[in-house]
Amino acid sequence: MLIRTHQDGFIHPLSSEITKPEAYATRRQLLRQWSAGAAAAGLAGWTQREAFAQGGASGLQKLASLPASQSNVQGAMTVEKLTSLRDATTYNNFYEFGVDKSDPARNAHTLKTSPWSIEVEGLVKKPTRFNLEDIIKWGAMQERIYRMRCVEGWSMVIPWVGYSMSDLIKRVEPLPNAKYVEFITQVDPQTMPGVKGGYIDWPYTEGLRMDEAMHPLTLLTFGMYGEVLPKQNGAPVRLVVPWKYGFKSGKSLVKIRFVEKQPLISWAKAAPQEYGFYSNVNPSVDHPRWSQATERRIGEGGLLDKKRKTLMFNGYEAQVASLYAGMDLAKNF
Amino acid sequence: MKLREFIRKPVAKIGLVTLAFAPFAWLCVGIFSDRLGPNPAEYLIRSTGTWTLRFLCITLAVTPLRVISGWPEWLRFRRSLGLMTFFYASMHALCYSLIDMGWDWPEIVADVVKRPFIAVGLTSLVLLSLLASTSFNAAVRALGAQRWRRLHQTVYVIAALAVLHFYWMRSAKQNFSEVVLYGAILALLMAWRIWHAWRVNQSPPGVRL
């Protein structure tokens, strides 16, 4: 049962676990030196992550910076007001660390993100396990400011850092009969307390049609707010598909599988009447238990202000509508 | 002072009601001091709903407590607790219609018609308000004890609807731990009543249990 008091908002670790300020300072200095070479910056971020992983609920600890250029992909830079870093890192769903939206920030500090590799398998020229250090170099880091719309009816505006998923796909050379891409995320009962609860079949699995995965807006994401990803937001590497509900963007990816048939995604498997494979943001197709016509933008307005109107394809209609030409989106929800 | 003596005093009831308003006061403070997290709207709607369920459980625990302890004094708190359940249910409905639906009545009506989940919640609120409005002494007299009792047994229907409402709400994310908890508490309280009624039936007339 989730009865909280003001006392457990921040669970203090043992004093022996608290990193001394001096240690912090030297690590940061080290980091700065390592990051001097621009190409190595991302990498340095990785090796440094652990140093800052004494996860507090604030989510405001400084992580390694991840330099990026502004994206010139169409629609990739909304000018809306950014959601605060605090809100974006303390209010999100990451079921592997608990079902409450404040759980990931509290629990994700146990996630081990180094070493990390992604296995590319299925219908590709040469199935291979790649190290994160290599994958990170396959594309130029870009900052992209995307709207993020959760299926629960809230939204944020988040500056992500990464490169288009298509860069990775081209690199690994899928075979002609690969029609879909399956994304499999980390599952480790040792470090992820939530996977003991039988909410869904772990590992959490997501998928995209090949043309969706190849769309330039589909981002293989390594950072946010100019820093490497915080653990609770899916470190060290995740997917961001801005025109779909948030759960389509798998976190902490460990496997990318190319397949011929439409994969069964985790939420569609757990509740087929409520979640479909496509899960495009669509104000006219309601969730069975709530309307999707409006959304609450986190950090915006007062309690009594009207909610925002949800936009078709989360406002990315101009960029992605052609992918679904002729499809019945109420049926393919 | 002995507990039994204490619960006979008016101050005990005043203390209980004050305590029962504490979560509400805490939420109000939370609104103005920005302590309800990144999504205060969601927080308010959910916590008023949870408090309704908690008070429903507490209210329904009064009778078993009275019988098991053998202290009829516990009955003094039942009406206040029932009214507190109604209060939190009303706050829950107010948060939904004001914060979530923006007081847009055509929208609210459409939502109720379209979604069984909302309709079930509203039904239990309507039933609760029926009980709240017949909770004072004059109403008991006007209805007659027998009819009043039967009317107020509707609370068992309300409990079932409340758990169903909670279950539907949580089924979106397959997160049933709390649903099971409250469902189990209410089921236990129901089971005790059935068992007790059966036992009373079994015993020879005139023997008080």
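None of these values were measured; they are calculated from a predicted model.

1. A word on the overall build of chain B
Helix and strand counts for chain B come out as 10 helices and zero strands. Secondary structure elements in chain B, listed N-terminal to C-terminal, are α-α-α-α-α-α-α-α-α-α. Across its three principal directions, the C-alpha atoms of chain B cover 60 × 40 × 40 Å. For chain B, with 209 residues in total, the buried portion stands at 24%. Of the contacts formed within chain B by residues at least 6 apart in sequence, a portion of 64% connects residues at least 24 apart.

2. Some words on the overall build of chain A
Each helix and strand counted, chain A has nine helices and 13 strands in total. For chain A, buried positions account for 45% of its 333 residues. Nonlocal contacts in chain A, meaning residues at least 24 apart in sequence, comprise 70% of its contacts between residues at least 6 apart.

3. Focus: the interface of chain B and chain A
Facing the 21 residues of chain B at the interface are 22 residues of chain A. Contributing elements (two or more residues each) for the side of chain B that touches chain A: helix H3 (40–69), helix H4 (78–100), helix H9 (154–171) and helix H10 (177–202) of chain B. Per-element tally for the side of chain B that touches chain A: the top contributor is H9(B), with three residues. Here the side of chain B that touches chain A is built from residues that sort into 11 nonpolar, six polar and four charged.

4. Concerning the confidence of the model for chain A
Within chain A, residue pLDDT values average 87, and 82% of them lie at 70 or more. Ignoring residues within four places in sequence, the model shows residues 30–59 of chain A, a span with pLDDT below 50, making 65 contacts including any to other chains.

5. Focus on the sheet that holds strand E6 (residues 180–185) of chain A
Residues and elements named next belong to chain A. Spatial strand order, E3-E2-E11-E6-E7: five strands in an open sheet with mixed pairing. Edge strands, defined here as strands with exactly one partner in the open sheet, are strand E3 (128–131) and strand E7 (205–209). Put simply, the sheet's adjacent strands are angled 20° from each other on average, direction ignored. Bridge count for strand E2 (residues 117–122) against strand E11 (residues 253–259) is four bridges, and the pairing is parallel. Among the inter-strand pairings, Val-120 is bridged to a residue of E11, identified as Ile-256.

6. What to know about unusual backbone geometry
All names here are of chain A. Note that the residue after Ser-114, namely Pro-115, is joined by a cis bond; omega there is 5°. Relative to the helices and strands, Pro-115 resides in the loop between helix H4 (103–107) and E2. The peptide bond linking Ala-235 to Pro-236 adopts the cis configuration, its omega dihedral lying at -5°. Tracing the sequence through the fold places Pro-236 in the loop between strand E9 (227–228) and strand E10 (238–240). Notably, Glu-173 is not glycine yet its phi reads approximately 50°, a positive angle. Relative to the elements of secondary structure, Glu-173 occurs in the loop between helix H6 (165–172) and E6. Judged by local crowding, Glu-173 falls into the exposed class, with 12 C-beta atoms found within 10 Å.

7. Points about the packing of H3(B) against H9(B)
Residue and element names in this part refer to chain B. Here H3 crosses H9 at 150°, and the two axes come no closer than 11 Å. Here H3 lies roughly antiparallel to H9, going by the angle between them. Judged by the sense of rotation from one axis to the other, the crossing of H3 with H9 is left-handed. Contact residues: Leu-53, Leu-56 and Leu-60 in H3; Val-155, Ala-159, Ala-162 and Phe-166 in H9. Of the residues belonging to the contact of H3 with H9, the class tally is seven nonpolar, no polar and no charged.

8. Looking at the pairing of strand E4 (residues 142–149) of chain A
The side chains of a regular strand alternate between the sheet's two faces. All names here are of chain A. Extensive coverage of E4 is indicated by the burial of six of its eight residues. Relative to E4, strand E1 (residues 69–70) runs parallel, the two being bridged by two bridges. Within E4, the position partnered with Gln-70 by the bridge is Glu-143. Where E4 and strand E5 (residues 154–164) come together, eight bridges link them in antiparallel fashion. Directly across from Ile-145, in E5, lies its bridge partner Pro-159.

Conventions and cut-offs
- Going along each chain's sequence as written, the residues are numbered from 1 onward.
- The lettering of chains begins at A and the numbering of ligands begins at 1, in the order of writing.
- Residues qualify for local features only when their pLDDT is at least 70, as the model is predicted, and side-chain atom pairs are given and counted only at 80 or more; totals for whole chains, interfaces and linings, by contrast, use all residues.
- Helix numbering and strand numbering both begin at the N terminus, where a helix is a DSSP run of H or I of at least 4 residues and a strand a DSSP run of E of at least 2.
- The burial criterion counts other C-beta atoms lying within 10 Å of a residue's C-beta, which is placed from the backbone; the residue is buried at 20 or more, exposed at 12 or fewer, and partly exposed between these limits.
- Contact definition: two residues whose C-beta atoms, as placed from backbone geometry, lie within 7 Å.
- Under this grouping Gly is polar, as are all residues other than the nonpolar Ala, Val, Leu, Ile, Met, Phe, Trp, Tyr, Cys and Pro and the charged Asp, Glu, Lys and Arg.
- Confidence of the predictor at the level of single residues is captured by pLDDT, which takes values from 0 to 100.
- Strands qualify as paired when DSSP identifies two bridges or more between them.
- The axes used here are C-alpha line fits, helices contributing only the stretch in contact, and every angle between their N-to-C directions lies in the interval 0 to 180 degrees.
- Angle categories are assigned with fixed cut-offs, so that under 35 degrees is roughly parallel, over 145 is roughly antiparallel, 65 to 115 is roughly perpendicular, and the rest are oblique.
- By the definition used in this description, the sense in which the near helix is turned from the far one sets the handedness, with an anticlockwise turn below a right angle giving left-handed and a clockwise turn giving right-handed.

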